[in-house]
Amino acid sequence: MSISEELFARAQAVIPGGVNSPVRAFSRLGRAPFFVTAARGAHLTDEDGNDYIDYVGTWGPAILGHAPECVIAAVQKCIPHGLGYGIPTRAEVDMAEMITSWIPSVEKVRMTNSGTEATMSAVRLARGYTGRNRIIKFEGCYHGHADSLLVSAGSGALTHGKPDSAGVPARLAALTLALPFNDKGAVRRAFQQYGHDIACVILEPFPANAGLYFPKEGFLEFLREITQQHGALLIFDEVMTGFRLGRAGVQGLCGVTPDLTTLGKVIGGGLPVGAFGGRADIMDCISPLGPVYQAGTLSGNPVAMAAGLAQLRELGKTDAYSRLETLGARLEEGMRRALKDSGRPLTFHRAGSMFCLFFTTCEVYDLNTASTASMDMFRTFFLSLLDQGVYIAPSPYETAFLSTAHTESDIDHTVEAVARALQAL
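Residues numbered from 1 in each chain as written. Predicted model: local features only at pLDDT ≥ 70, side-chain atom pairs only at ≥ 80, totals over all residues. Heavy atoms only, no water.

1. What to know about the pattern of salt bridges
Side-chain pairs of opposite charge can arise where the charged atoms are in close proximity. For the structure on display, the rule yields 13 salt bridges. The partner of Arg313 in a salt bridge is Asp94, and the shortest N-O contact between them spans 3.9 Å. Here Arg313, found in helix H11 (residues 302-317), pairs with Asp94, found in helix H3 (residues 90-102); they are 219 residues apart in sequence, far enough to count as distant. The exposure class of Arg313 is partly exposed, given its relative accessible area of 44%. Given the relative accessible area of 25%, Asp94 is considered partly exposed. One continuous salt-bridge network, built from bridges that share partners, spans Arg224, Asp259, Arg279 and Asp281. (Salt bridge = Lys/Arg side-chain N within 4 Å of Asp/Glu carboxyl O. Helix = DSSP H or I, 4+ residues; strand = E, 2+ residues; numbered from the N terminus. Buried < 20%, exposed > 50% of the residue type's maximum accessible area, 1.4 Å probe, protein only.)

Right, here's the structure in full:
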C-alpha cells in the first residue's frame, strides 16, 4: 500500500469521504487520491515521491504557478506583523483600488473569504436592491454551495451524479429558475412569466464547471438587454475567469458590462479570497451604508491581501497573458494533432490558459451536450495521464489551467502523454 493510500484510509475514518471537498475523492476513478507534500512551479510532488505536471493549479488560482517567489516573499514579509486584526488595513484599500482600476464595471468592491461567499452575497444584494425574490441561473453553472445557487449546479455535484443537493428547501429552490445555457427562448419565457419578480440573472460568462464551453454569438448581449428591459441585475460570476483571461476577465473580452461581478481564485494568490463588486449605487446598499447585511471576520485579512496583491502586480508588470496564450496555443495544436492521429474526433475547447477535452463528438454549448461525454473514456484517459506524470482534474466536468510556470517541455511531454492515452481508449 502506498503512503497516499494509507493516508486516505486514515482520512476516511475521520473526514466524510476522506476529503474536505468532494471532487478530490477520485470516487468514480477506481483509485484513491494522491496526497501532495509539495508544489512548486507547474509541478506537484506526492507523499510517495511521484512528480506530476499540474493542470489543476489549485482549481485556478495558481496562474503564476505554485509558490511563486513574489507571492511567497510578500506573505513572509506580512506574517511577522500578525495574521489578522479584524480592523481595516492598507492592503484592503490597495486591493480594492487595483480591482476597480482593472475592471471598469466594478466601481466599488467588498472582500469575502471565498467565491461561494461572493456569489451568495451578490445574489442577496440583488434581491435587496430590487426588492424582488426570484433569480435566474443556468444549468451547469456552479456558483458555490449557497442554497439558492445549488440548483442544477456543475462542478463536484455533477461529478457525483447529483446536480442538486439534499438540504436545500424546496420553497427556496423554487425561487431559482435554472435554464439551459445559450437558450434565449427559455430566458424570454421566464421573464414573460416572472419578470416582475426576477431580481437578477447570474451566470459564468464562460461556463467552466461542466467542462469549458462558450456563449453563442449575441447571447451575453441579449442577457444584458433583457435584464435592463425588466429592471433585473446582470451578475457575471468571474470567480474562475477574472484576471485569468485578461485584466478585465470575460467582460473585457466581450464588451458586455454586468451590474455586479464576483471574483476569487487569482486575487488570493493561493489563499482563501473572494470579492464582489459593481455599480456604486448598488454596492452602497450594503451595510453599513444600506440595509443588505454582509460581513466576515476574516474578509480582507492581511495575509491573503498580501498574496493576492503580489500576484496581481506581477501579472500587471509582465507579459504574462501573452505568455499564457503562447503556451495555450502550443498545447491546443498538439492536442488537436493527437486527436486527429488517434482517429477520435473528440471536442476540445480552449480560451487563453483554460482548456477542456470533452469525451464526446457532439458540439458542446450547454449542460445537456456536455453530459454526453463518456465517463468510462475519461476514466481510462485520466489514469493513463496520471501514470505518465500528468495531472488533470479528476472529473470530466472541470476545466484545466495553464500557468506561466509551465514550460514548453511540460507542454510537449503532456501532448505525448495525451497521444498515448488516446491510443489506450
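Here the narrative resumes.
2. Concerning the sheet that holds strand E5 (residues 134-138)
Taking strand neighbours across the sheet as the criterion, the seven strands line up as E4-E10-E9-E8-E7-E5-E6 in an open arrangement whose pairing is mixed. Looking along the sheet, the strands with just one partner apiece sit at the ends: strand E4 (108-112) and strand E6 (176-179). This sheet shows a mean twist of 20° between the axes of neighbouring strands, independent of strand direction. Pairing geometry for strand E8 (residues 233-237) and strand E9 (residues 260-264), over three bridges, is parallel. Paired with Phe236 across the bridge in E9 is Thr261. Helix-sheet contacts for H3 involve E4, E9 and strand E10 (274-278), and the interaxial angle to E4 is about 125°. This element, helix H8 (residues 219-230), spans E5, strand E7 (198-203) and E8 of the sheet and lies at about 145° to E8. (Pairing = 2+ DSSP bridges. Axes fitted to C-alpha atoms, helices over the stretch in contact; angles between N-to-C directions. Contact = heavy atoms within 4.5 Å.)

3. Section: the environment of Ala400
Assignment of secondary structure puts Ala400 in strand E14 (residues 400-401). Spatially, the C-alpha atom of Ala400 lies 8.0 Å from that of Gly60, the residues being 340 residues apart in sequence.

4. Here we look at H8
Across its 12 residues, H8 extends 17 Å between first and last C-alpha, which sits within 8% of the 16 Å expected from 1.5 Å per residue. Residues of H8 that are buried include every one of Phe219, Leu220, Phe222, Leu223, Arg224, Ile226 and Thr227, and no others. In this fold, the buried residues of H8 make contact with E5, helix H7 (184-194), E7, E8 and helix H9 (249-254). Gly231 lies just past H8 and shows a positive phi near 75°. (Expected span 1.5 Å × (residues − 1).)

5. Things to note about H7
For H7, every residue scored as buried is listed here: Ala186, Val187, Ala190 and Phe191. Burial along H7 is one-sided: seen end-on, the buried residues are contained in an arc of 130°. Exposed residues pointing more than 90 degrees away from the buried face of H7 are listed as Arg189, Gln192 and Gln193. Against the buried residues of H7 lie E5, E6, E7 and H8. Among the residues of H7, the N-terminal cap falls to Asp183, whose side-chain oxygen and the backbone nitrogen of Gly185 are separated by 3.1 Å. (Arc of directions from axis to C-beta. Polar contact = N/O pair within 3.5 Å; in protein donor to acceptor, adjacent residues only side chain to side chain.)

6. Quick word on the layout of surface pockets
Reported here for the second largest pocket is a volume of approximately 490 Å³. Along the wall of the second largest pocket there are 21 residues; nearest its centre are Pro88, Glu92, Arg110, Ser299 and Gly300. Elements that contribute at least two residues to the lining of the second largest pocket include exactly H3 and E4. Class assignment for the residues of the lining of the second largest pocket results in 10 nonpolar, nine polar and two charged. (1 Å grid on protein atoms, 1.4 Å probe; cavity = no way out; pocket = protein on both sides within 12 Å on 5 of 7 lines; lining within 4 Å. Points joined across faces, edges and corners; volume = space filled by probe spheres on them. Nonpolar A, V, L, I, M, F, W, Y, C, P; charged D, E, K, R; others polar.)

7. Focus on the pairing of E5
A regular strand carries its side chains on alternate faces of the sheet. The buried count for E5 comes to five of five residues, which makes it a mostly enclosed element. Of the two faces of E5, the one lined by Arg134, Ile136 and Phe138 and the one lined by Ile135 and Lys137 are each fully buried. Pairing geometry for E5 and E7, over three bridges, is parallel. Counterpart to Ile136 in the pairing with E7 is Val201.

Function cannot be read off these values alone, since they describe shape.
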